[in-house]
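Okay, here's what each chain looks like letter by letter:
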Amino acid sequence: MQVNDADEPAVPSSTDQHMTTISRHYFGNSSDSADAFSITIIESMKEDYGLFVWPCSIVLAEYVWQQRSRFSGVSVVELGAGTSLPGLVAAKVGSDVTLTDDSNRVEVLANMRRVCNLNDLKCNVLGLTWGVWDVPIFSLHPRIILGADVLHDTSAFDDLFATVTFLLQNSPRSVFITTYHNRSGHHLIEFLMVKWGLKCIKLRDGFSFMPSCKASGLSGNIQLAEIVLNSDQADVADTIN
Ligand SMILES: C[S@@+](CC[C@H](N)C(=O)[O-])C[C@H]1O[C@@H](n2cnc3c(N)ncnc32)[C@H](O)[C@@H]1O
């Protein structure tokens, strides 16, 4: 087992311990801010992409931290959360958080429970497969929906947008905040937003708000978008910034 930037021993997990890594992620400056904290994440090199902290997750988690006043006391659902860094930061700054990932990925869901315990954070953990309408999704009423690198596999985009649209409709004035690699322009995303009656109200270069110490470890063209129901546009825009 390898420990990255962590001074505590990692949690022994299973026979594949040697494939497990602990990483620690810092928010705020502990020398001048009393509310600074760190989040510890368990990653597995053995598993596929859901158990790795992707760069989009680091960018979205930093955005949550910088916008923390928006997150205090509100209900947050993270989609395709994987190692769940943005959702855990939201929980740390006072959100009521539900972390979700593909219902079939039991190892990812189990890892979410482990990182919640490790960070002493109480989040709901729920299997939620995009485009599938299992009973628990009907009781989700998030004010903010998070998704880091969930616009990854174009064949899943339509299902993702179906789920996002459902959640936005289920919770008036809610917003979907997502970070993604802009690999081939925004055309497909723009097409799907029109198809599902959504509107982008904020688009930022992910590196424009990253502290240089974090940005230097990342690469790619990462964008951050805030997306709402077309009909909600004016209401939600009032609540931003
Ligand atoms: C590229 S990973 C990003 C993980 C994490 N958000 C991050 O940025 O570190 C994509 C995530 O979406 C999840 N995912 C993929 N297809 C899904 C689906 N159809 N329904 C729900 N989750 C899905 C995967 O299990 C994985 O955790």
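None of the values given here were measured: they were computed from a predicted structure.

S.K.: Is there a simple way to think about the sheet that holds strand β6 (residues 124-127) in this case?
M.R.: Taken together, the 7 strands give an open sheet; going across it, the order is β6-β5-β4-β7-β8-β10-β9, and neighbouring strands pair in mixed fashion. Looking at which strands have only one partner, the edges of the open sheet turn out to be β6 and β9 (198-205). Neighbour to neighbour, the strand axes of the sheet diverge by 20 degrees on average, direction disregarded. Bridging between strand β4 (residues 75-79) and strand β7 (residues 144-148) involves 4 bridges; their strand directions are parallel.

S.K.: Honestly, the environment of L88 in this entry has me stumped. Any pointers?
M.R.: For L88, the location among the structural elements is in helix α3 (residues 85-92). For L88, a count of 27 C-beta atoms within 10 Å puts it in the buried group. Sequence-distant contacts of L88, defined by excluding residues within four places in its chain, comprise I39, V115, N119 and L121.

S.K.: Honestly, helix α4 (residues 106-118) in this entry has me stumped. Any pointers?
M.R.: Look at α4: 18 Å from first C-alpha to last across 13 residues, which is about the 18 Å you get at 1.5 Å a residue. For α4, the set of buried residues is V108, L109, N111, M112, V115 and C116. Within α4, the buried residues cover an arc of 155 degrees as seen down the axis, which keeps them to one side. Turned more than 90 degrees away from the buried face of α4, the exposed residues are V106, A110, R113 and N117. Tucked inside the fold, the buried residues of α4 contact β3 (37-44), α3, β5 (96-101) and β6. Remark: D120 follows α4 within two positions and exhibits a positive phi of approximately 55 degrees.

S.K.: Explanation requested: the confidence of the model for the chain in the structure shown.
M.R.: Do not read the fine detail of predicted coordinates wherever pLDDT is low. Chain-level pLDDT for the chain is 88 on average; 87% of the residues reach the 70-or-more range. Under a pLDDT of 50 for its full length, residues 6-15 has, in the predicted model, 12 contacts with residues more than four places off or in other chains.

S.K.: It is not clear to me how the packing of helix α1 (residues 55-66) against α3 should be interpreted in this structure. Could you clarify?
M.R.: Angle between the axes and distance between the axes: these two values describe a pair of packed helices. With their axes 8 Å apart at the nearest point, α1 and α3 run at an angle of 15 degrees to one another. In this view, α1 runs roughly parallel relative to α3, as classed from their interaxial angle. Pair α1 / α3 crosses with right-handed handedness. Residues S57, I58, L60, A61, V64 and W65 of α1 form the contact with α3, whose own contacting residues are L85, P86, V89 and A90. Residue classes in the contact of α1 with α3 are distributed as 9 nonpolar, 1 polar and no charged.

Parameters and conventions
- Residues numbered from 1 in each chain as written.
- Predicted model: local features only at pLDDT ≥ 70, side-chain atom pairs only at ≥ 80, totals over all residues.
- Pairing = 2+ DSSP bridges.
- Helix = DSSP H or I, 4+ residues; strand = E, 2+ residues; numbered from the N terminus.
- Axes fitted to C-alpha atoms, helices over the stretch in contact; angles between N-to-C directions.
- Buried ≥ 20, exposed ≤ 12 C-beta atoms within 10 Å, placed from the backbone.
- Contact = placed C-beta atoms within 7 Å.
- Expected span 1.5 Å × (residues − 1).
- Arc of directions from axis to C-beta.
- pLDDT = per-residue confidence, 0-100.
- Parallel < 35°, antiparallel > 145°, perpendicular 65-115°, else oblique.
- Left-handed = near helix turned anticlockwise from the far one by under 90°.
- Nonpolar A, V, L, I, M, F, W, Y, C, P; charged D, E, K, R; others polar.

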